[in-house]
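Summary of the model geometry
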Amino acid sequence: MENNHLKLTSSEIGTLWGEYVNGTMTEIVNRYMISILEDESIKKVFEIAIETWEKQKKEIISFIENDGFPVPIGFTESDLNKGAERLFSDTFCLNYLHIMTIHGLLGHTTSLSVSVRKDLREFYNLCDNDAKKMYDLTIELLLEKGKFQKDPYFYPTERPELISTQDFTDGFFGKGRLLSATEIISISLNIKKSIMAKTLSIGFSQVAKSKEIRSFFGKIGNKADENILALSSVLHKDNLPVPMSWESEVTTSTDSPFSDKLMLYHMGFLAQTAQVYYGTGLAGAMRTDLAVVYEKTILKTLAMTKNWFDMMVENKWLEQPPLAPNRNELAKEE
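What this report covers is the structure whose coordinates are included nearby. Numbers given to residues run from 1 along each chain, matching the order in which its sequence is written. Residue-level local features of this predicted model are given only where pLDDT is at least 70; pairs of side-chain atoms are given and counted only at 80 or more, and the full residue set underlies all totals for whole chains, interfaces and linings. Heavy atoms from the whole structure form the basis of all side-chain values; hydrogens and water molecules are not counted.

1. A look at the overall build of the chain
- The way it works is that DSSP assigns letters per residue, a run of H or I at least four long becomes a helix, a run of E at least two long becomes a strand, and they are numbered from the N terminus. Counting secondary structure elements, the chain contains nine helices and zero strands.
- Written out in order from the N terminus, the α and β elements of the chain read α-α-α-α-α-α-α-α-α.
- In this treatment the radius of gyration is a C-alpha quantity, and the globule benchmark scales as 2.2 Å times the residue count to the 0.38 power. Taking 20 Å as the expected radius of gyration for a compact globule of 334 residues, we find that the chain reaches 22 Å, a close match to that expectation.
- Taken over the C-alpha atoms alone, the chain extends approximately 70 × 50 × 40 Å along its principal axes.
- Expressed as a percentage of contacts within the chain between residues at least 6 apart in sequence, the contacts between residues at least 24 apart total 85%.
- By the counting rule applied here, Lys and Arg register as positive and Asp and Glu as negative, while His and the ends of each chain are not counted. Working definition for charges: the position is that of NZ of Lys, CZ of Arg, CG of Asp or CD of Glu. Across the chain, the mean location of the 37 positive side-chain charges is 2 Å away from that of the 46 negative side-chain charges. Here a residue-residue contact requires only that any non-hydrogen atoms of the pair lie within 4.5 Å.

2. A short note on the nonpolar core
- Put simply, buried Ala, Val, Leu, Ile, Met, Phe, Trp, Tyr and Cys residues joined by side-chain atoms within 4.5 Å make one nonpolar core. Only protein chains enter the area calculation, which uses a 1.4 Å probe; residues under 20% of their type maximum are buried, those over 50% are exposed, and those in between are partly exposed. With 74 residues, the main nonpolar core has M33, F88, I187, M196, L200, F217 and F258 as its most contacted residues.
- For this core, the elements supplying multiple residues, two or more each, are α1 (10–36), α2 (40–66), α3 (90–113), α4 (118–144), α5 (181–207), α6 (211–237), α7 (260–284) and α8 (288–314).
- Looking at this core, the element that brings in the most residues is α7, giving ten residues.
- Look past the residues within four positions of F88 in its chain and what remains in contact with it is M33, I36, C93, T199, L200, G203, F204, E249, V250 and T251.
- If you look at the next biggest cluster of nonpolar residues, it comprises twelve residues, including Y20, I60, F123 and C127.

3. Things to note about the pattern of salt bridges
- Any Lys or Arg side-chain nitrogen located within 4 Å of an Asp or Glu carboxyl oxygen qualifies as a salt bridge. Overall, the coordinates contain 20 salt bridges when judged by the stated rule.
- Two residues, K306 and D310, come together in a salt bridge whose shortest N-O distance is 2.8 Å. Taken together, the residues K306 and D310, both in helix α8 and four residues apart, mark about one turn of the helix.
- In the salt-bridge network here, residues are joined through shared partners; they are K237, D238, R287 and D289.

4. So, α2
- Expected helix span is given by 1.5 Å per residue-to-residue step, counting one fewer step than there are residues. In a regular helix each residue adds 1.5 Å, so 27 residues correspond to 39 Å; α2 covers 39 Å between its end C-alpha atoms and thus fits that length.
- Directly beyond the C-terminal end of α2, a positive phi value near 85° is found at G68.

5. Side note on the packing of aromatic side chains
- Two rings belonging to Phe, Tyr or Trp (six-membered ring only in the last case) form a pair when the distance between their centres is within 6.5 Å. Interplanar angles under 30 degrees mark stacking, angles over 60 mark edge-to-face geometry, and anything in between is tilted. A complete count under the given rule lists ten aromatic pairs for this structure.
- Note on F204 and F258: the rings are 6.2 Å apart at their centroids and 80° apart in plane angle, and the pair reads as edge-to-face. Residue F204 is located in helix α5, and its partner F258 is located in the loop between α6 and α7; the two are separated by 54 residues in the primary sequence. Across this residue pair, the class does not change: F204 and F258 are buried.
- By the ring-pair criterion, three or more aromatic residues cluster together here, those being Y32, F204, F217 and F258.
- Think of it as a cone above the ring: NZ of Lys or CZ of Arg counts as a charge over the ring if it is within 6 Å of the ring centre and within 35 degrees of the ring normal. Of note, K192 hangs over the ring of F148, and the distance from its end group to the ring centre comes to 5.2 Å.
- Looking at K261, its charged tip hangs above the ring of F75, at a distance of 5.1 Å from the centre.

6. Topic: the environment of G284
- Along the chain, the position of G284 falls in helix α7.
- Remark: the alpha-carbon pair of G284 and T305, spanning 21 residues in sequence, is separated by 24 Å.

7. A short note on α5
- Taking 1.5 Å of rise per residue, the 27 residues of α5 would be expected to cover 39 Å, and the 40 Å separating its terminal C-alpha atoms lies within 8% of that figure.
- The element α5 is extensively covered by neighbouring structure, given that 20 of its 27 residues are classed as buried.

8. A word on unusual backbone geometry
- With phi around 60°, N239 is a residue other than glycine that occupies positive phi space.
- Topologically, N239 is positioned in the loop between α6 and α7.
- One non-glycine residue with positive phi stands out, namely K316, at about 60°.
- Relative to the assigned elements, K316 resides in the loop between α8 and α9 (327–332).
- When its relative accessible area of 75% is taken as the criterion, K316 is described as exposed.

9. Considering the packing of α3 against α5
- Only C-alpha atoms enter the line fits that serve as axes; for helices the fit covers just the stretch in contact. Angles between N-to-C directions range over 0 to 180 degrees. Contact geometry of α3 with α5 gives a least axis separation of 11 Å together with a crossing angle of 125°. As summarised for this structure, α3 and α5 are arranged oblique, according to the angle between their axes. Here α3 and α5 pass one another in a crossing that is left-handed. Counting all contacts with α3, which are made through F92, Y96, I99, M100, I102 and H103, the residues of α5 involved are L189, K192, K193, M196, T199 and L200.
- Gly counts as polar in this scheme, as do all residues outside two lists: the nonpolar Ala, Val, Leu, Ile, Met, Phe, Trp, Tyr, Cys and Pro, and the charged Asp, Glu, Lys and Arg. Each residue belonging to the contact of α3 with α5 can be placed in one class, and the counts come to eight nonpolar, two polar and two charged. Here roughly perpendicular refers to angles of 65 to 115 degrees, roughly parallel to angles under 35, roughly antiparallel to angles over 145, and oblique to all remaining angles. Crossing handedness: left-handed means the near helix sits turned counterclockwise from the far one by under a right angle, and right-handed means the same turn made clockwise.

10. Overview of the side chain of S180
- Inspection of the secondary structure assignment puts S180 in the loop between α4 and α5.
- Judged by relative accessible area, S180 falls into the buried class, the value being 16%.
- Among the polar contacts listed, one links the side chain of S180 to the side chain of T182, at a separation of 2.9 Å. N or O atoms within 3.5 Å of each other form a polar contact, as long as, within protein, one can give a hydrogen and the other can take it, and as long as residues adjacent in sequence are counted only when both atoms are side-chain atoms.

Right, here's the structure in full:
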């Protein structure tokens, strides 16, 4: 039976609201990047990304408006400074699109998992398929250009093995074992994401108009660097390679392509999503030293997120998502 007539649940409107705000942010960044790209093959992938979002954006607006909710402000032309000088290299732009596509895959899957209405489930299935296609395009292009950083290689054993000692969890005193393939998943991805956050913070700190915000970007960059070093040290201990940094992919431009609002929101978005990935890494960590690294990283990132929230509110840049009805206030109305 069709259920498209059902009202949106709180979770459904919440995901649509988040998809819209984050999508419009990424759209502005993508439009700037396509304006500075020199490599035609990378530019073509960005064109597909922009066209795909335009299609999704119309659907999201329709869902929101049909249930009587206001469409979020999100990010608009006013957040893009057209004609700004090049701030990032073509290589960074492609890596940026790849990492943000990974965020999109996670976001669409989460949205789908809380959707009840059939039309909304069908929409998120299409979004997921679009993100998978973009993931393939960015990976193939990075491989073609020799810019994709592969995770460490392991060598096969003769047969499956069982854990046979309590020392399996010990990573501090030399009795423990080497990293497992399941632990590498989160370590590698979190390092790559932190490298992107650090690179963005360097670029944003050069161009932000507000002195306070420039200083905050510097602090975010330092925290990202600490996270990179902490996770990299775990790999180093086991003689495994570490993904290379992208700092050299930032130019010396001080001409801002974006509003301070967009840049500050973007760094907060990355910090919040990082908490999800760090939490996943902590849940899968079976070595005590790795678990401690994740715990410390999560606490440090939480502190930065609180500072970010205060700055966004102080500047009146943080939109309020739909709230539950205040029954106590309604009961007081005459």
